[in-house]
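These are the residues of each chain, in order.
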Amino acid sequence: MIELLQSLLQWLPESLQVLAIILIKIVVILAPLLVAVAYLTYAERKIIGYMQIRIGPNRVGFFGHSLWGLGQPIADAVKLMFKEIVIPSGADKFLFIVAPMLSMGPALAAWAVIPFGDELILADVNASLLYVLALTSLGVYGVIIAGWASNSKYAFLGAMRSAAQIVSYEIAMGFALVGVLMAAGSINLGEIVQAQSGGFWTWFMVPLAPLFVIYFISGVAETNRAPFDVAEGESEIVAGFHVEYSGITFAVFFLAEYANMILVAMLTALMFMGGWLSPFQGLPVVGDTFLAAPSLIWLLAKASIFLFLFLWFRATFPRYRYDQIMRLGWKVFIPLTIVWLMVVGAVIMAGGIGPWLH
Amino acid sequence: MSFEQILFYVFSSFLVLSAGAVVTLRNPVHSALALVLAFFNSAALWMMLEAEFLAITLVLVYVGAVMVLFLFVVMMLDINIARMREGFAQLLPIGIVVAVLMFGVMYQVYNGDRFAPGDMPVPTPHAADYENTRELGLQLYTTYVFPFELAAVVLLLAIVAAIALTLRRREGTKYQAPEKQVVTRREDRVRLVKVPSEARK
């Protein structure tokens, strides 16, 4: 594939060829991602609809066929693109426009180091886990700047809630990741997946089970999704930080939120569920068939499980009260992760964690 | 000029410009955001010196956490800009003295026998399999383990002190104890009272 591209780009100077190939790779990652984001909104409305015994969107289709409403996300995107962007009076115009970009940028940039297979990766940097952690922590700027620049009390309240929440849950998230990198002995996402090979019982979700649960719940809190969506909290503060946004600026916030959801789902699959490794690997009968081969499909299937959980949570749980969110983050998750880090350290000292303690 | 040099000049000019903006912008929120940009650019410069761990940690800790809380506070405060500018002429002489002193100190450092540009060897680029994080970890946890632990204790002390200074117990506040709520049984809360029926008078 790469060779074919190189031969097609022979007419460019050497340095531009490299640049062109990187740009093509970026498009190959981002285009499916944006389509996935669009259809995740559709999946969300359908799944929550069925959970609440409704049908969900079922009218907009293609070429006169309704096709279960599959055209809905595209219709939504076109509608939002052509709506007017209303800038509230007294708003900080520059920051008001920049805020959605600031939440979108990190959400997309983090995908640079996500491995999709042994060789399928845009930038195989050593410290990719740290890079992802750093970039996901930048997403909060979009939210707080949006809240402040809108010149609205509701937006500001939402932004303040979100800032405190994200900073709190980042600590638990970071500790959970420390456990992963201790067990894997590496901070490279590809090597973390390799360290889990052997079968589904060697995936880190087994020896690091508490960290797995804490990481995913912190991920839900970091993306401001229900039941941690007090930053939006439509029953109290209308829509929180993006209450003043309209048209494409509002759509960009939504894109960023869903891109972050997919990112968290993907990272959980990579770090705790063996990434692209097959669950049938190392089993007696199917272990030698094609089912046991590592593949991108396994990774996407695992990520989809977590995406479904995101939607399920939203349909099932009532919103947390603010003080309970803080209590869960600081008084439950952080002590639990610290205790489990000690356990992991002790097990590693004893020579365990490959297939657990030997 | 090589590509790396171009990158260096781009990042360092952004760094100088944003550092200037921190002190010249009128709106404190804009100043804080300029500081974020300055951190980001210095992280990029560190990255170019192959100090990837430090660069990413700078973004993670300072940009991702410290500056968020900074912004939080700056946005909440109602800062009167006109009042802050009042004493400008009065404080100017002191400011000039401080600036001259700082300039003198930095001049001394850069012309001393340790940090002069000529004494700094150009770092040799490492091979692609060089891991800055691993090297740093090996150094910190072997050679410098005691200073490292000492620094950790000092930081812990700061955390405990900050909490102890701001913690005050007020009498009569009501709060939930979830651990008690969870273990509550029906018998603790509900009392069935048998009231004998009486004849109507």
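Up top is the structure.
Draft legend 1. Summary view of the overall build of chain B. On a plain count of helices and strands, chain B comes out with nine helices and zero strands. For 201 residues, the compact-globule estimate of 2.2 N^0.38 gives 17 Å, and the C-alpha radius of gyration of chain B, at 29 Å, exceeds that figure by more than 25%. Across its three principal directions, the C-alpha atoms of chain B cover 110 × 55 × 35 Å. Expressed as a percentage of its 201 residues, the buried residues of chain B come to 18%. Put simply, of all contacts in chain B between residues at least 6 apart along the chain, 55% involve residues at least 24 apart. About 16,900 Å² of surface is accessible on chain B, with carbon and sulfur atoms providing 67% of the total. Both charge centroids of chain B, one from 17 positive and one from 16 negative side chains, sit 26 Å from each other.

Draft legend 2. Up close: the interface of chain B and chain A. The interface of chain B with chain A comprises 26 residues on the first partner and 27 residues on the second. Taken together, both faces of the contact between chain B and chain A bury some 2,200 Å²; the carbon and sulfur share is 73%. Among the residues of chain B in contact with chain A, I56, L60 and M75 of chain B are the three that bury the most area, contributing 25% of the side total. Along the contact surface separating chain B from chain A lie two residue pairs in polar contact (both at pLDDT 80 or more). Those elements that provide at least two residues to the side of chain B that touches chain A are helix 2 (28-48), helix 3 (52-76) and helix 6 (132-143) of chain B. Broken down by element, the residue count for the side of chain B that touches chain A peaks at 13 residues, all from helix 3 of chain B. The residue makeup of the side of chain B that touches chain A, split by class, is 18 nonpolar, five polar and three charged.

Draft legend 3. Spatial organisation of the pattern of salt bridges. All names here are of chain A. In total, this model carries eight salt bridges over all chains according to the counting rule given. Salt-bridge contacts for R225 lead to E257; the nearest nitrogen and oxygen are separated by 3.2 Å. Residue R225 is located in the loop between helix 8 (209-222) and helix 9 (234-237), and its partner E257 is located in helix 10 (residues 247-272); the two are separated by 32 residues in the primary sequence. Its relative accessible area of 11% is what places E257 among the buried residues. D323 is the partner of R321 in a salt bridge, and the nearest nitrogen-oxygen pair spans 2.8 Å. Three or more residues joined by partner-sharing salt bridges are found here, namely E44, R225, E257 and R314.

Draft legend 4. Seen up close, the nonpolar core. Counting 111 residues, the largest nonpolar core has W111, I114, Y141, M271 and F272 of chain A as its most contacted members. Sequence-distant contacts of W111 of chain A, that is, excluding residues within four places in its chain, are made with I29, L33, F116, A259, I262, L263 and M266 of chain A.

Draft legend 5. A look at the environment of V347 of chain A. Residue and element names in this part refer to chain A. Positionally, V347 belongs in helix 12 (residues 322-349). Classification of V347 as buried rests on a relative accessible area of 19%. As for V347 and G185, which are separated by 162 residues in sequence, their C-alpha atoms are 13 Å apart.

Draft legend 6. Local environment of empty space enclosed by the protein. Residues and elements named next belong to chain A. Summed over all chains, the structure comprises two cavities of 30 Å³ or more. Estimates place the volume of the largest cavity at around 300 Å³. If you trace the largest cavity, you find 23 residues lining it, with G139, E222, T223, N224 and N260 closest to the centre. Of all elements in the fold, only helix 4 (93-109), helix 5 (128-149), helix 6 (153-184) and helix 10 reach the threshold of two or more residues within the lining of the largest cavity. Residues belonging to the lining of the largest cavity are distributed by class as follows: 13 nonpolar, seven polar and three charged. Its volume calculated, the second largest cavity comes out at about 40 Å³. Lining the second largest cavity, in full, are L129, V132, L133, T136, M173, L177, Y215, L267 and M271. For the lining of the second largest cavity, the elements supplying multiple residues, two or more each, are helix 5, helix 6 and helix 10.

Draft legend 7. The arrangement of the layout of surface pockets in detail. In this structure, the largest pocket occupies an estimated 2,300 Å³ of space. Looking at the largest pocket, it is lined by 42 residues, and the ones nearest its centre are F175 and V178 of chain A together with F53, T57 and V61 of chain B. Looking at the lining of the largest pocket, the elements that each hand over two or more residues are helix 5, helix 6 and helix 12 of chain A together with helix 3, helix 6 and helix 7 (145-166) of chain B. Residue composition of the lining of the largest pocket, by class: 31 nonpolar, seven polar and four charged. Put simply, the second largest pocket is a space of about 1,200 Å³. Along the wall of the second largest pocket there are 30 residues; nearest its centre are V125 and Y131 of chain A together with A44, M47 and M48 of chain B. Elements with a minimum of two residues in the lining of the second largest pocket: helix 5 of chain A together with helix 1 (3-24), helix 2 and helix 3 of chain B. It is helix 2 of chain B that provides the largest number of residues to the lining of the second largest pocket, a total of six residues. Classifying every residue of the lining of the second largest pocket gives 23 nonpolar, four polar and three charged.

What counts and what doesn't
Residues numbered from 1 in each chain as written. Chains lettered and ligands numbered in written order. Predicted model: local features only at pLDDT ≥ 70, side-chain atom pairs only at ≥ 80, totals over all residues. Heavy atoms only, no water. Helix = DSSP H or I, 4+ residues; strand = E, 2+ residues; numbered from the N terminus. Rg over C-alpha atoms; globule rule 2.2 N^0.38 Å. Buried < 20%, exposed > 50% of the residue type's maximum accessible area, 1.4 Å probe, protein only. Contact = heavy atoms within 4.5 Å. Areas by Shrake-Rupley, 256 points an atom, 1.4 Å probe, with all protein chains shown as cover. Lys, Arg positive; Asp, Glu negative; His and termini not counted. Charge placed at Lys NZ, Arg CZ, Asp CG, Glu CD. Buried area = accessible area lost by both parts, 1.4 Å probe. Polar contact = N/O pair within 3.5 Å; in protein donor to acceptor, adjacent residues only side chain to side chain. Nonpolar A, V, L, I, M, F, W, Y, C, P; charged D, E, K, R; others polar. Salt bridge = Lys/Arg side-chain N within 4 Å of Asp/Glu carboxyl O. Core = buried A, V, L, I, M, F, W, Y, C linked by side-chain atoms within 4.5 Å. 1 Å grid on protein atoms, 1.4 Å probe; cavity = no way out; pocket = protein on both sides within 12 Å on 5 of 7 lines; lining within 4 Å. Points joined across faces, edges and corners; volume = space filled by probe spheres on them.

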